[in-house]
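Listed below, chain by chain, are the residues.
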Amino acid sequence: MVQAGHPVWQQADAAPLPAPLVRPKAQWQPVRWADLPGWGRDALPEVWNAWLRSCERPAPPWGALCPQIRRLSIAEPAERYAWVMRHWQPYRIVAPDGSPTPGLLTGYYEPELPASRQRDALHRIPLYGPPPALQAAAGQPWLTRRQIESDAEVQARLAPHVLAWLADPLDALLLHVQGSGRLRITEPDGRQRLVRLAFAAHNGHPYQSVLRALLRRGDIREGTWEALRAWAQANPERLDEVLWTNPRVVFFREEPLDALDSQFGPRGAQGVALTPGRSVAVDRDAIPYGTPLWLVSHGPVARLQRLVLAQDTGAAIVGAVRADFFVGWGASAYPVAAGLKQPLQLWALWPRAQPLPAEATR
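Just so we're clear, the structure is a prediction, and the values are computed from it rather than from any experiment.

Caption draft 1: The pattern of salt bridges, seen in detail. Within this structure, the stated rule accounts for 21 salt bridges. With a closest N to O distance of 2.9 Å, Arg 278 and Glu 46 form a salt bridge. Here Arg 278 is found in the loop between β10 (250–256) and β11 (279–281), whereas its partner Glu 46 is found in helix α2 (residues 44–54), with 232 residues between them in sequence. With its nearest N and O atoms 3.0 Å apart, the salt bridge here joins Arg 253 to Glu 255. Owing to a relative accessible area of 35%, Arg 253 belongs among the partly exposed residues under this scheme.

Here it is, written out as structure tokens:
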């Protein structure tokens, strides 16, 4: 769409390079636009929706640029590229000491699962909203998964906070790992509704991978959900024991899903709805929320050279060159989200002459 011979490109790459920028977990090294593999060939209209979403909750210095981003939502691709290259400086993201660091791209998605509003013979796995006791813990670790699921008194106290019931404990684990999901929920009168359960809180314990626990024990040979489900089917009497190796429990809030909301993902940690294929989760100590990123990743699942927005984070997303790629929702998104684990390179775009926040705002 915009090639290296374009006057805007030549003008942008002729400007002197600024000094590197530093975050607690990353160094940003200034580069030329020509150093970004594939730059100029991405379909920017696809990412503009995600950029407009970021402008709903802009952090400095994004707010001053959002009027221009909104104006350019109806512009031609060449005009958008010209604006970006005039006003933004690209930086290669590397380790804090300035050395190149191997990057990793994984994927996540929003599961869509059948559920019931009431417990019955089939649906016996609860999904909870945050109880008052969790807030009273004041940020300290609360009860573990084992304590919650094995103590009848605790379950009785949590009963008023059940949002829905699932049939499969592995579906519940999937929601806890992904952090949100869509439920095709059957109401007491038999009506079915599509709702979203969004992340609200967790019990303060560190996330531990159930798949990794099974791999360490030699119970499975591949760290996939298919392997986990096959093992669970063959070992139902051991399933609780394995699930309890992950002490973290996620609590949700229910959100309605109208026609517009259903076209976007859940709200990420930035507080804006995620855009499939254009939103990523990052380490906040390496990349501030709202940062546009040029993402390059070539592997067996996907070949990606595109502009994305840092709009989310996750417990397992740690390090300078680390991103979790939001794929979408439902069964069609699952294969990519589950299989994506491949090398990653990242470049951040930052407004020219603007300082980079030294630390993430907690």
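Back to the text.
Caption draft 2: Looking closely at the state of the cysteines. Within the structure shown, the criterion is met by one disulfide. In this model, Cys 55 is linked to Cys 66 through a disulfide, with the two sulfur atoms separated by 2.2 Å. Taking the sign of the S-S torsion, about -90° here, the bridge from Cys 55 to Cys 66 comes out left-handed. Here the residue Cys 55 occupies a position in the loop between α2 and α3 (62–71), and Cys 66 occupies one in helix α3, the gap between them amounting to 11 residues. When sorted by exposure, Cys 55 lands in the same class as Cys 66, which is buried.

Caption draft 3: Seen up close, the domain arrangement of the protein. Domain parsing of the protein yields domain 1 (7–107 + 265–351) and domain 2 (110–263). Between domain 1 and domain 2, the C-alpha centre-to-centre distance is 31 Å. Between domain 1 and domain 2 lies a buried interface of about 930 Å² when both sides are counted; carbon and sulfur atoms form 53% of it. When residues of domain 1 are sorted by the area they lose upon contact with domain 2, Pro 266, Trp 329 and Tyr 334 head the list and together hold 50% of the total. Applying the counting criterion to the domain 1 and domain 2 interface returns zero salt bridges.

Caption draft 4: Representation of the packing of helix α8 (residues 169–178) against helix α10 (residues 225–234). Taken N-terminus to C-terminus, the directions of α8 and α10 make an angle of 150°; their axes are 11 Å apart at the nearest point. Judged by the angle between their axes, α8 and α10 are roughly antiparallel. Seen along the crossing, α8 lies across α10 with a hand that is right-handed. Note on element contacts: α10 touches α8 through Trp 225, Leu 228, Arg 229 and Ala 232, opposite Leu 170, Asp 171, Leu 173, Leu 174 and Val 177.

Caption draft 5: Local environment of the environment of Arg 196. The residue Arg 196 is located in strand β9 (residues 192–202) in this model. Look at Arg 196 and you get buried, because its relative accessible area is 4%. Taking C-alpha positions, Arg 196 is 5.7 Å from Glu 254, a pair spaced 58 residues apart along the chain. Only 2.6 Å separates the side chain of Arg 196 from the side chain of Glu 110, close enough to count as a polar contact.

About the thresholds
Along each chain, residues carry numbers from 1 onward, in the same order as the chain's sequence is written. Residues qualify for local features only when their pLDDT is at least 70, as the model is predicted, and side-chain atom pairs are given and counted only at 80 or more; totals for whole chains, interfaces and linings, by contrast, use all residues. No hydrogens and no water enter the side-chain calculation; it runs on all heavy atoms of the structure. We define a salt bridge as a side-chain nitrogen of Lys or Arg found within 4 Å of a carboxyl oxygen belonging to Asp or Glu. Secondary structure elements follow DSSP: runs of H or I no shorter than four residues count as helices, runs of E no shorter than two count as strands, and numbering proceeds from the N terminus. Type-normalised accessible area, obtained with a 1.4 Å probe on protein chains alone, sets the label of each residue: buried when under 20%, exposed when over 50%, and partly exposed for intermediate values. Pairs of cysteine sulfur atoms within 2.5 Å are what we label disulfides. Segment limits for the domains were obtained from an automatic or database-derived domain assignment. Defined in terms of a 1.4 Å probe, buried area is the accessible area two parts forfeit on being brought together, summed over both. Only the stretch in contact is used when a helix axis is fitted, and all axes are lines through C-alpha atoms; the angle between N-to-C directions ranges over 0 to 180 degrees. Note on terminology: angles under 35 degrees are roughly parallel, angles over 145 are roughly antiparallel, angles of 65 to 115 are roughly perpendicular, and the others are oblique. Put simply, a crossing is left-handed when the front helix is turned counterclockwise from the back one by less than a right angle, and right-handed when it is turned clockwise. Residue contacts are defined here by distance: any two heavy atoms, one from each residue, within 4.5 Å place the two residues in contact. Whenever two N or O atoms come within 3.5 Å, that pair is a polar contact, provided that in protein one can donate a hydrogen and the other can accept it, and provided that, for residues adjacent in sequence, both atoms are side-chain atoms.

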